[in-house]
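One-letter residues, chain by chain:
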Amino acid sequence: MSFQSAPTPRLLEQIANEAKSASSHEIRDQIVSNIYQTSRAVCEEVVHYKQPPQAQTEKLDRIFTSRIWGFPIMLSMLGMVFYLTIAGANVPSSMLASAFGWAEGELTLLFQAINAPAWLHGVLVLGLFRGTGWVISVMLPPMAIFFPVFALLENYGYLPRVAFNMDRLFKKAGAHGKQSLTMAMGFGCNAAAIMSTRIIESPRERMLAILTNNFVPCNGRWPTLILLASLFMAVGYTGAAGTLVTAAVLMGMVLFGIIVTLTVSWVLSKTALKGVPTHYTLELPPFRKPKFWNTVLRASLDKAWYVLKRAVIVAAPASILTWVFANIYVGDTSILMHFIQLLDPFGQALGMDGFILAAFILGLPANEIVIPILIMAYLSQGAMLELDDLSELKQVFLNHGWTWLTALNMMLFSLLHYPCGTTLVNIYKETKSTKWTFMAFAIPTAIAIAVTFLTASIARGLGWV
Amino acid sequence: MSAIKVALAGNPNTGKSTLFNTLTGLKQHTGNWPGKTVIRAEGSFEHKGEEYVLVDLPGTYSLFSNSADEEVARDYIVFEQPDATIVVLDATSLERNLNLAFQVLEMTDRVIVCINLIDEADKKGIVIDEKKLAAKLGVPVVKMSARNKIGIDLLLNTLDHLVKEKINPSPYRMTYSEEIERKISQIEAQITGLFGAELPSRWIALRLLDGDDALVAKLKEYIDKKKDGVTANELPISANS
Amino acid sequence: MPVSKKIVPLSECQPGDCFLLRELKVEGVMRRRLLDLGFVAGAEILVLQKSPLGDPVAFRVSHTTIALREEESSLIFGEIIRRGPA
């Protein structure tokens, strides 16, 4: 009988129900296990082992995930990545900064030669060019080192070991073990990491990963952390020792971010996102020697391109806007200064100042531009400094009353505060919920304010500053 | 002439993405599978004057709709019916990887089995008799290392032969116990009555026996869309799971 | 070394032990997942390594390394066919 009846959903349902009632637990199991048995039988015929399987990966795992060495190795890997990044980025960053400084001078001469109006020179050179130049010289070198090194670890197969080592902590916090993988993505870009939480199937655990991802500093925040740590935390150390101290401070920041992640996950899974961790399997693929140059080139080119694109797309208009705000006067003060003065008392209470808060607020579209905006705001006040050296930067900060506490709290605020605009957009796209997107904004912000207020109060109360 | 559609299936960590990158280079774009938060990567390449579109299915251990990833991969093979499906297997853990190959073979005939990471298997002293495997599976088997660009030409030529019907695969059919086989053929006949040769009816029968509700929902959608004169290609992938 | 033929959950094994899988007492998606990964009746499983904090545990199964939490491994039953070096 082969006539074709018009297919209807009802007929299909009928067949499906018949099939179900004809089936049984045993039948279902047999259907599934048949495949596994066939695979095994075929393999026995076509696969031969010339020698007993070598346990290279297992030997390495016995070290990388050992009770004693697992965590120390993880920390020293992280430390090593930071050390290489800081040590390697210093020189090229300075070189880029002075190159941009030189080009700025030339551009100024050019503008003068053609008798361009002062505002045009201001908007294009002092705003657009300087802001974009800062983003590139501060961001590009560390990223061009950090990402290739990270990609090498990733391609080698180390990241699943991190997930394996850390799983117990995430389980205790009511979260999914794969959250550590999405956090690793966050080191690169939180917005991309939000997308990567798709690997977590349970909606509850995925939401935890989304809401806490921001506590991992992304590539837009690394430069801020690196810059402040090396300017203010490694005082009195020079050369390798200074780099080491800077790396240690950064590691402290990352560890603190992880602690906050676990705590927030734990609190949420006891309150708004109640539930038990779902089932979990994790494959530990064999270690594979990555194709060194291939990986390095792909990662650095990808990231270099990404940074440049962001610099132009986000930093450029923001730089222009900041310059405009700093140069339009209402009464005898610029709009920017009005804004800064408004924020200043609150900023001071958090151990920072109005400039810093204004920079964070204007930097919402992208964390990359926080430092450039801050510098522009400081410089717009007094005489225009030629900024072609990173060490002159510290003087600018000190002139505005910075202490180690200001630097520390700006680092903490940078680590903990609300996600950037792109990340928030992605959170909305992935959760389709205004409520949770707002929470993703509010939770980190509240924590950032609370932590900086606390450190400022303690430091001042104990007379440390 | 429109491009030849090729799907890339495989377990996670088998170098499937490496193969995808090697074949398509920079000609790729990513997006979402309709209605699903699963990343869809597509790329194109040319070989022997033919234009190919390569769809990188999510890396999965099986295709039994245990997860959104698996549903997407399975629905693509069954409903979009690519001109060829390349199943990428890890040479160093062939047994587990073969499960997926067998599952794909139940859905479609036009399959190439690609044993990747062959250089690593060599290092570990694992020898795979690909001719014997091809004879067992009834489809072409290609050994390769996408990372070191070994066996890419062989894969492309095999693909060319397959789509130009110079090879006629006769994939291995799982046989089950008499009781199950009897039930399968009963249901299969009914399914063929509904869909003719459009869809793999034996496979659907098996899935129905296995109580796969996600598939039933997807089939209903397929029927509805067909009634409205929409082709299978425009079918959204069902949002329920 | 005498080895008992007692049926025990996989979670009771120590690193180095070799385990012969007899039965999965899991249902639904997790059962499928475990089967996919090679945890099928008759499979030999080598207990490799505990995570530094004691859980999860890594197992060698079907030439791959898979980590499971205790919640899952306690539902996998079989016999210990070889004790690892203590």
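What counts, and at which threshold
Residues numbered from 1 in each chain as written. Chains lettered and ligands numbered in written order. Predicted model: local features only at pLDDT ≥ 70, side-chain atom pairs only at ≥ 80, totals over all residues. Heavy atoms only, no water. Contact = heavy atoms within 4.5 Å. Buried area = accessible area lost by both parts, 1.4 Å probe. Salt bridge = Lys/Arg side-chain N within 4 Å of Asp/Glu carboxyl O. Polar contact = N/O pair within 3.5 Å; in protein donor to acceptor, adjacent residues only side chain to side chain. Helix = DSSP H or I, 4+ residues; strand = E, 2+ residues; numbered from the N terminus. Nonpolar A, V, L, I, M, F, W, Y, C, P; charged D, E, K, R; others polar. Buried < 20%, exposed > 50% of the residue type's maximum accessible area, 1.4 Å probe, protein only.

A.B. asks: Mind laying out the interface of chain C and chain B, listing which residues take part and the relevant values?
C.D. replies: Counting residues at the interface gives 10 residues for chain C, matched by 13 residues for chain B. For the pair chain C and chain B, the summed buried surface comes to about 1000 Å²; carbon and sulfur atoms form 46% of the total. Among the residues chain C hides against chain B, the three largest losses belong to C:Arg32, C:Arg33 and C:Asp36. Together they make up 51% of the total. Inspection of the region where chain C meets chain B yields two salt bridges. We note a salt bridge from C:Arg32 to B:Asp210, for which the minimum N-O separation is 2.9 Å. For the pair chain C and chain B, the number of links is four residue pairs in polar contact (both at pLDDT 80 or more). Elements with a contribution of two residues or more to the side of chain C that touches chain B: helix H1 (28-36) and strand E5 (64-68) of chain C. The leading source of residues in the side of chain C that touches chain B is H1(C), at five residues. Classifying every residue of the side of chain C that touches chain B by side-chain character gives four nonpolar, three polar and three charged.

A.B. asks: Please provide a residue-by-residue account of the pattern of salt bridges, values included.
C.D. replies: Counted by the stated rule, this structure contains 32 salt bridges over all chains. With a shortest N-O distance of 3.6 Å, B:Glu95 and A:Arg40 are connected by a salt bridge. Of this pair, B:Glu95 sits in helix H3 (residues 94-107) while A:Arg40 is found in helix H2 (residues 25-46), placing the two residues in two different chains. Note on A:Arg40: relative accessible area 24%, which makes it partly exposed. With its nearest N and O atoms 2.8 Å apart, the salt bridge here joins B:Glu70 to C:Arg33. Of the two residues, B:Glu70 is situated in helix H2 (residues 68-80) and C:Arg33 in helix H1; the pairing between them involves two chains. Take B:Glu70: its relative accessible area is 1%, and that puts it in the buried class. We classify C:Arg33 as buried; its relative accessible area is 13%. Because the salt bridges share partners, they merge into one network encompassing B:Arg74, B:Asp75, B:Arg207, B:Asp210, B:Asp212 and C:Arg32.

The quantities given are spatial measurements derived from coordinates; they are silent on function.
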